[in-house]
Amino acid sequence: ARPKVFVTRRVPARGIDLLKDKFVVSQWDREDRIPPEELLRGVKGVDALFCLLTDKIDKDVLDAAGPQLKTICTMSVGYEHIDISECKKRNIPVGFTPDVLTNATAELTMSLLLATSRRLKEAMTAVEDGSWGTWNPIWMLGHGLDGATVGIVGLGRIGLAVAKCLLPFGVSRIVYSGNSQSKNEQEVNAEFVSFDYLLEHSDFILGCCSLTANNMGLFNAEAFNKMKTSAIFVNTSRGGLVNQDDLYNALKSGKIAGAGLDVTNPEPLPTDSPLLTLSNCLVLPHIGSATEKARSAMSELTARNIIAVFDNKEMPSRLNI
Ligand code: GLV
Ligand code: GLV
């Protein structure tokens, strides 16, 4: 019999087309998030699971699937939604989708950086509400990237791609922090510094690291207090890195100048979130990898990760756990 795979959402066709050749595919074929009880029902008896970052894959899901489950592959680069230690215990290889979304996510990071540094949200509002009086030499002044120091928290695949994008804008210095020094630092002339040093010296601070138990709430009041009052904070990794109440207070009180967030905690961000009342805070709905090309490649890579397991081959992108 052909192996069974369960797909937890409607995804770009590329991956499904590949899977259909070899698997019996069942799917939550909708654009809304699968309810937990439907997930438990859907995984029952399947050999492979194709999931998303919005699915919580815990012990209950693994138990509901059953012992025949051979692999879990997420259509994302982040994997904090999966109970990795439980997968390891059960010898279930986990696939993910790095690299194929790197450029798209770096591009979105640059979009947020440019938009917040040049105050585009306020500027657009001024046009729309008529508060734009005249071309004014001392109005709507932002901070350009030319000559700036940019601090990247996490110089991994995405952080490095962002650093490459920054160079042509004439930044004078790129500093980064993280668990360890990156072998890629020379490529972009980046300097490894402490987190505190980065906070104190950067004009722009970019969250580009993955979320772990150790960096939950890393950007809290203490961190915002160390930043320059002209600093702009951009986060395109995970909302859990940020204490949002502290961020609100820092923006509201002028401790920092602005923020651009593609990720929040929770997602979606409730429409009554105080962050949305701030003209210096631009919030996007987690669209870092949302290009046709990247999402199609993510769908394909997730399928290829699954297929490799059943062909007894190396997964193209297996999580090292
Ligand atoms: C997006 O956030 C991803 O993890 O792929
Ligand atoms: C701006 O529009 C200028 O001409 O300087």
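Here's what I pulled together on the structure shown here. (Residues numbered from 1 in each chain as written. Chains lettered and ligands numbered in written order. Predicted model: local features only at pLDDT ≥ 70, side-chain atom pairs only at ≥ 80, totals over all residues. Heavy atoms only, no water.)

Here the focus is the overall build of the chain. If you tally the helices and strands in the chain, you get eleven helices and twelve strands. Rg of the C-alpha trace for the chain: 21 Å, near the compact-globule value of 20 Å for 321 residues, within the 12% margin. Referenced to the eigenvectors of the C-alpha coordinate spread, the extents of the chain come out at roughly 70 × 45 × 30 Å. Counting every position in the chain, which comprises 321 residues, the buried fraction comes to 49%. Here the analysis covers contacts within the chain between residues at least 6 apart in sequence; of these, 61% occur between residues at least 24 apart. As displayed, the chain has an accessible area near 15,800 Å², and 51% of this comes from carbon and sulfur atoms. Positive and negative charge centroids in the chain, built from 34 and 37 side chains respectively, lie 5 Å apart. (Helix = DSSP H or I, 4+ residues; strand = E, 2+ residues; numbered from the N terminus. Rg over C-alpha atoms; globule rule 2.2 N^0.38 Å. Buried < 20%, exposed > 50% of the residue type's maximum accessible area, 1.4 Å probe, protein only. Contact = heavy atoms within 4.5 Å. Areas by Shrake-Rupley, 256 points an atom, 1.4 Å probe, with all protein chains shown as cover. Lys, Arg positive; Asp, Glu negative; His and termini not counted. Charge placed at Lys NZ, Arg CZ, Asp CG, Glu CD.)

Now for the sheet that holds strand S8 (residues 190-192). An order of S8-S7-S6-S9-S10-S11-S12 is seen for the seven strands of this open sheet, with the pairing classed as parallel. Whereas interior strands pair on both sides, the edge strands pair on one side only; in this sheet they are S8 and strand S12 (281-283). The average angle at which neighbouring strand axes cross in this sheet is 15°, direction not considered. Pairing of strand S10 (residues 232-235) with strand S11 (residues 258-261), which is carried by four bridges, proceeds in the parallel orientation. In the sheet register, Ile232 faces S11, and the bridge partner there is Gly258. In the packing of helix H10 (residues 244-252) onto the sheet, the strands contacted are S10, S11 and S12, and the crossing angle to S11 comes to about 145°. (Pairing = 2+ DSSP bridges. Axes fitted to C-alpha atoms, helices over the stretch in contact; angles between N-to-C directions.)

Attention now moves to unusual backbone geometry. Going from Asn265 to Pro266, the amide bond is cis rather than trans, its omega being 5°. The topology assignment puts Pro266 in the loop between S11 and S12. Cis peptide bonds are those with omega within 30 degrees of zero, and the linkage from Glu267 to Pro268 qualifies with -5°. Turning to its location among the elements, Pro268 is positioned in the loop between S11 and S12. One non-glycine residue, Asn91, adopts positive backbone phi at about 55°. Given the relative accessible area of 68%, Asn91 is considered exposed. The phi torsion at Asp99 lies on the positive side, around 70°, for a residue other than glycine. Its place among the elements puts Asp99 in the loop between strand S5 (94-95) and helix H5 (102-117).

Following the criterion strictly, the structure yields six aromatic pairs and no others. Seen in terms of ring centroids, Tyr79 and Phe96 are 6.0 Å apart; in terms of plane orientation they differ by 85°. Their pairing is edge-to-face. Residue Tyr79 is found in the loop between strand S4 (71-74) and helix H4 (84-89), and its partner Phe96 is found in the loop between S5 and H5; the two are separated by 17 residues along the sequence. Taken together, the ring pairs in this structure connect Phe195, Phe219, Phe224 and Phe233 into an aromatic cluster. (Phe/Tyr/Trp six-rings, centres within 6.5 Å; stacked < 30°, edge-to-face > 60°.)

Attention now goes to a nonpolar patch on the surface. On the surface, Val127, Trp132 and Trp139 cluster together into a nonpolar patch covering about 310 Å² of accessible area. Relative to the elements of secondary structure, Trp139 occurs in the loop between helix H6 (120-129) and strand S6 (149-153). On the basis of relative accessibility, which here comes to 31%, the residue Trp139 falls in the partly exposed class. (Patch = residues over 30% accessible without salt bridge, like charges linked within 9 Å, V, L, I, M, F, W, Y side chains within 5 Å. Salt bridge = Lys/Arg side-chain N within 4 Å of Asp/Glu carboxyl O.)

Enumeration over the complete set of coordinates arrives at 18 salt bridges. Notably, a salt bridge pairs Lys89 with Glu86, separated by 3.4 Å at the nearest N-O pair. Of this pair, Lys89 and Glu86 both sit in helix H4, three residues apart, which is roughly one turn of the helix. You can call Glu86 buried: its relative accessible area is 8%. One continuous salt-bridge network, built from bridges that share partners, spans Lys59, Asp63, Glu86, Lys89 and Arg90.

This part takes up the site of ligand 1. By nearness alone, every residue bordering ligand 1 is listed as Leu53, Ser76, Val77, Gly78, Leu101, Arg238, His286 and Met298. Contact with the protein chains covers 91% of the free accessible surface of ligand 1, which is 200 Å². Taken together, the residues that form the shell around ligand 1 break down as four nonpolar, three polar and one charged. (Near = heavy atom within 4 Å. Nonpolar A, V, L, I, M, F, W, Y, C, P; charged D, E, K, R; others polar.)

Okay, helix H7 (residues 157-166) next. Think of an α-helix as 3.6 residues a turn; residues three or four steps apart then line up on the same face. The buried fraction of H7 is high, at seven of ten residues. Listing the buried residues of H7 in full gives Ile158, Gly159, Leu160, Ala161, Val162, Ala163 and Leu166. Those residues of H7 hidden inside the fold are in contact with H5, S6, strand S7 (173-177) and strand S9 (204-207).

Let us now look at the environment of Leu49. With respect to the secondary-structure elements, Leu49 resides in strand S3 (residues 48-51). Using a relative accessible area of 1% as the deciding quantity, one classes Leu49 as buried. Residue contacts for Leu49: discarding those within four places in its chain leaves Val5, Phe6, Thr8, Val43, Ile57, Val61, Leu69, Thr71, Ile72, Cys73 and Ile306.

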